[in-house]
Amino acid sequence: MKKLWGGRFSDGADAFAESFGASIHFDHILAPFDIEGSIAHATMLGEVGILTTGESSQIVDGLRRVKARWERGELEFRISDEDIHMNIERYLTEEIGPVAGKLHTARSRNDQVATDLHLFIRTQILLALEGISALQVALVGLAEGNKNAILPGYTHLQRAQPVLFAHHLLAYVSMLQRDSERFRDLWKRVNVLPLGAGALAGTTFPINRERVAELLKFDGVYENSMDAVSDRDFALEYLNCCAMDMMHLSRLGEEVVLWSTGEFGFVELSDKFSTGSSIMPQKKNADFAELIRGKTGRVYGGLTALYTTLKGLPLAYNKDMQEDKECVFDATDTVLGSLTVAAPMIATLTINADAMRAHASRGFTNATDAADYLAKKGLPFREAHEVVGKLVRHCVEKRTDLDSLSLDSFKSFSSLFDDDIFDAIALETVVNRRTTRGGTGLSAVEDQLKRMQEKLSETAEWTELHRRMIAPSC
Ligand code: ARG
């Protein structure tokens with residue numbers, strides 16, 4: 001099969017090398033973006049007179065027909081055409097004949113592929129924002145539905161202080177909020193047009209890059225043509241956004257796995273989001289939470305892979321850069337898939353508030369409050385800590401807990417104890433007195449919920465606005 005670049009060559013490609021070098025088996029995903037970019041390029045070429053209006057509209061119509069065929073699943077891509085750009089051009093030629101050859105005027109695959117990837121990532125940012133918001137909504141829903149449930153908060157996975165279950169969930173909502181803001185911030189650096197850089201040096205044709213940017217809804221153009229075709233920072237940043245989000249999801253996944261064990265028994269997964277064992281009839285496994293946790297690794301892998309690929313690459317385009325796509329595509333599928341499964345998995349969790357409470361009230365989770373009690377009565381906190389430490393040791397030896405001690409026992413450790421100690425260390429008091437901003441007290445958690453709802457609606461507006469903004473007009 002004759003190559004689109006075949007003029008200089010007298011011999012055909014080695015079959016294995018040809019397929020080794022091809023990217024069509026993964027970059028076919030870029031088809032709609034490639035066509036969108038080409039339509040804008042051809043439109044501009046017509047407007048500035050590099051192509052006649054007739055030629056330009058013939059190409060644009062042809063590209064639209066190719067797009068329609070692609071949408072109907074009629075396009076078969078060929079390895080011999082190497083990548084999506086040349087496959088599309090081949091189909092365009094099939095549609096409109098030799099005038100298709102004019103599309104590549106003042107353009108190279110180097111600025112073309114960079115443009116496609118910008119367009120692709122831009123769309124994925126919006127999908128990620130929607131996926132993150134859906135999970136945030138599920139977490140907020142679970143928090144609101146179980147506002148009074150108290151579970152042990154842990155440090156070092158040892159019971160530390162009791163917290164509202166809602167508070168624990170809202171920690172994830174905050175983490176996800178940062179992910180969402182990170183993706184949004186990336187928009188600035190993704191929404192810049194590389195097209196017009198040519199192979200690396202710009203072009204001798206009097207193109208209008210700003211017009212292409214306008215047609216494609218980019219906020220600006222790359223200032224330097226060599227940077228435009230060599231830059232993959234935006235892809236790395238995107239992978240980092242994905243990696244960080246997966247890290248958060250993996251922590252949530254881990255907690256769901258732990259909480260749904262017989263040992264914890266805090267939650268039960270819905271049958272829809274758990275699996276059985278082929279040998280042990282009693283099993284109900286948190287496979288999907290585990291898988292989210294597990295899949296985090298491949299996203300980190302993609303980030304590391306692309307960093308490594310780009311390290312030390314001389315300017316400008318090098319074929320190494322073709323390796324960017326699989327990392328980006330795989331991370332995209334993984335993040336969107338994980339978010340899609342996590343949201344309903346969380347929304348359908350059943351809570352065992354009694355088990356949470358039982359665990360929260362054991363393990364001396366109110367010891368800090370007993371020390372705070374003494375400190376509030378004037379004892380330096382260090383000394384208060386020492387007194388309560390001794391009390392705890394006493395309780396451990398007697399196999400009891402602080403709440404079950406008599407006032408006399410308390411007094412034998414410090415004369416500052418009075419009968420209001422029992423209220424001070426009661427579970428509800430311990431939680432609800434923490435009313436400082438960001439604390440676990442119900443009123444503080446309700447404030448948090450309110451602020452989070454505002455942020456969620458703000459993100460939804462932003463996403464909708466940008467979705468409408470980038471909807472292709474041509
Ligand atoms: N498939 C290539 C890639 O993904 C497109 C750019 C090819 N450019 C070139 N000069 N060979 O990077």
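Structure: see above.
This section reports on the structure supplied with the text.

The rules we used
- Residues numbered from 1 in each chain as written.
- Predicted model: local features only at pLDDT ≥ 70, side-chain atom pairs only at ≥ 80, totals over all residues.
- Heavy atoms only, no water.
- Axes fitted to C-alpha atoms, helices over the stretch in contact; angles between N-to-C directions.
- Helix = DSSP H or I, 4+ residues; strand = E, 2+ residues; numbered from the N terminus.
- Parallel < 35°, antiparallel > 145°, perpendicular 65-115°, else oblique.
- Contact = heavy atoms within 4.5 Å.
- Nonpolar A, V, L, I, M, F, W, Y, C, P; charged D, E, K, R; others polar.
- Patch = residues over 30% accessible without salt bridge, like charges linked within 9 Å, V, L, I, M, F, W, Y side chains within 5 Å.
- Areas by Shrake-Rupley, 256 points an atom, 1.4 Å probe, with all protein chains shown as cover.
- Salt bridge = Lys/Arg side-chain N within 4 Å of Asp/Glu carboxyl O.
- Buried < 20%, exposed > 50% of the residue type's maximum accessible area, 1.4 Å probe, protein only.
- Expected span 1.5 Å × (residues − 1).
- Arc of directions from axis to C-beta.
- Near = heavy atom within 4 Å.
- Polar contact = N/O pair within 3.5 Å; in protein donor to acceptor, adjacent residues only side chain to side chain.
- Core = buried A, V, L, I, M, F, W, Y, C linked by side-chain atoms within 4.5 Å.
- Phe/Tyr/Trp six-rings, centres within 6.5 Å; stacked < 30°, edge-to-face > 60°.

A word on the packing of helix 3 (residues 31-47) against helix 4 (residues 53-71)
1) Next: Between helix 3 and helix 4, whose axes approach to 9 Å, the crossing angle comes to 170°. Viewed along their axes, helix 3 and helix 4 adopt a mutual orientation that is roughly antiparallel. Listed contacts from helix 4 to Ala-31, Pro-32, Ile-35, Ser-38, Ile-39, Ala-42, Thr-43 and Gly-46 of helix 3 are Ser-56, Ile-59, Val-60, Leu-63, Arg-64, Val-66, Lys-67 and Trp-70.
2) Next: Of the residues belonging to the contact of helix 3 with helix 4, the class tally is ten nonpolar, four polar and two charged.

Brief notes about a nonpolar patch on the surface
1) Next: A cluster of nonpolar side chains, contributed by Leu-200, Met-226 and Leu-315, occupies part of the molecular surface with about 270 Å² of accessible area.
2) Next: Tracing the sequence through the fold places Leu-315 in the loop between helix 11 (287-310) and helix 12 (324-347).
3) Next: For Leu-315, a relative accessible area of 60% gives the class exposed.

Points about unusual backbone geometry
1) Next: The step from Leu-315 to Ala-316 runs through a cis peptide bond, and the omega angle for that step is 0°.
2) Next: Tracing the chain through its elements places Ala-316 in the loop between helix 11 and helix 12.
3) Next: Phi at His-156 is positive, roughly 60°, even though this residue is not glycine.
4) Next: With respect to the secondary-structure elements, His-156 resides in the loop between strand 1 (150-155) and strand 2 (158-164).
5) Next: Unlike most non-glycine residues, Arg-399 shows phi in positive territory, near 50°.
6) Next: Secondary-structure assignment places Arg-399 in the loop between helix 15 (381-398) and helix 16 (407-413).

Some thoughts on helix 15
1) Next: In this model, helix 15 (18 residues) spans 25 Å end to end at C-alpha, consistent with the 26 Å of a helix rising 1.5 Å per residue.
2) Next: Looking at helix 15, one finds that the buried residues are Ala-384, Val-387, Val-388, Leu-391, Val-392 and Cys-395. Mapping the buried residues of helix 15 onto a view down its axis gives an arc of 140°, with all of them on the same face. Exposed side of helix 15, more than 90 degrees from the buried face: Arg-382, Arg-393, Val-396 and Glu-397 are the residues found there.
3) Next: On its buried side, helix 15 packs onto helix 14 (367-376) and helix 16.
4) Next: Backbone geometry just downstream of helix 15 places Arg-399 in the positive-phi region, at approximately 50°.

Considerations on the site of the ligand
1) Next: Around the ligand, the structure places Ser-23, Asp-83, His-85, Arg-109, Asn-110, Val-113, Tyr-317, Gln-322 and Lys-325.
2) Next: One of the side-chain N or O atoms of Ser-23 is found 3.2 Å from a nitrogen atom in the ligand.
3) Next: Between Asp-83 and the ligand, the recorded distance is 3.0 Å, taken from a side-chain N or O atom to a nitrogen atom.
4) Next: When the ligand sits alone it has 340 Å² of accessible area, and the protein chains cover 86% of it.

Section: the environment of Asp-185
1) Next: Here Asp-185 is to be found in helix 7 (residues 165-190).
2) Next: Residue Asp-185 is classed as partly exposed on the basis of its relative accessible area of 32%.
3) Next: Sequence separation between Asp-185 and Gly-220 is 35 residues; the distance between their C-alpha atoms is 16 Å.
4) Next: Side-chain polar atoms of Asp-185 contact the side chain of Arg-189, separated by 2.9 Å.

Describing the environment of Met-280
1) Next: Inspection of the secondary structure puts Met-280 in the loop between strand 5 (267-268) and helix 11.
2) Next: For Met-280, a relative accessible area of 36% gives the class partly exposed.
3) Next: On a C-alpha basis, the gap between Met-280 and Arg-451 in space is 46 Å, while along the polypeptide they are 171 residues apart.

A word on the nonpolar core
Nonpolar side chains in soluble globular proteins tend to be buried together.
1) Next: Core analysis: the biggest nonpolar cluster contains 124 residues, and Ile-121, Leu-135, Leu-139, Phe-165, Phe-183, Val-328 and Ile-346 have the highest contact counts within it.
2) Next: Considering every element that reaches this core, the biggest residue donor is helix 6 (residues 109-145), with 15 residues.
3) Next: Ignoring any residue separated from it by four or fewer positions in sequence, one finds Leu-139 in contact with Leu-169, Tyr-172, Val-173, Leu-176, Leu-252 and Ile-346.
4) Next: Membership of the second largest hydrophobic core comes to 19 residues, among which are Leu-379, Val-387, Val-392 and Phe-410.

Topic: the pattern of salt bridges
1) Next: Within this structure, the stated rule accounts for 35 salt bridges.
2) Next: One salt bridge in this structure joins Lys-325 and Asp-324, with 2.7 Å as the shortest N-O distance. Accessibility assignment for this pair places Lys-325 and Asp-324 in one class, buried.
3) Next: Notably, a salt bridge pairs Arg-357 with Glu-428, separated by 2.9 Å at the nearest N-O pair. Residue Arg-357 is found in helix 13 (residues 353-360), and its partner Glu-428 is found in helix 18 (residues 427-432); the two are separated by 71 residues along the sequence.
4) Next: Under the relative-accessibility criterion, Glu-428 is labelled partly exposed at 36%.

A closer look at the packing of aromatic side chains
1) Next: Inspection of the entire model under this criterion finds twelve aromatic pairs.
2) Next: Pairing Tyr-154 with Phe-264 gives two aromatic rings, centres 6.0 Å apart and planes at 55°, and the pair type is tilted. A residue pair is termed long-range when its members are at least 10 positions apart, and Tyr-154 in strand 1 and Phe-264 in the loop between helix 10 (233-259) and strand 5 qualify at 110 residues.
3) Next: Through a chain of ring-to-ring contacts, three or more aromatic side chains come together here, namely Tyr-373, Phe-410, Phe-417 and Phe-422.

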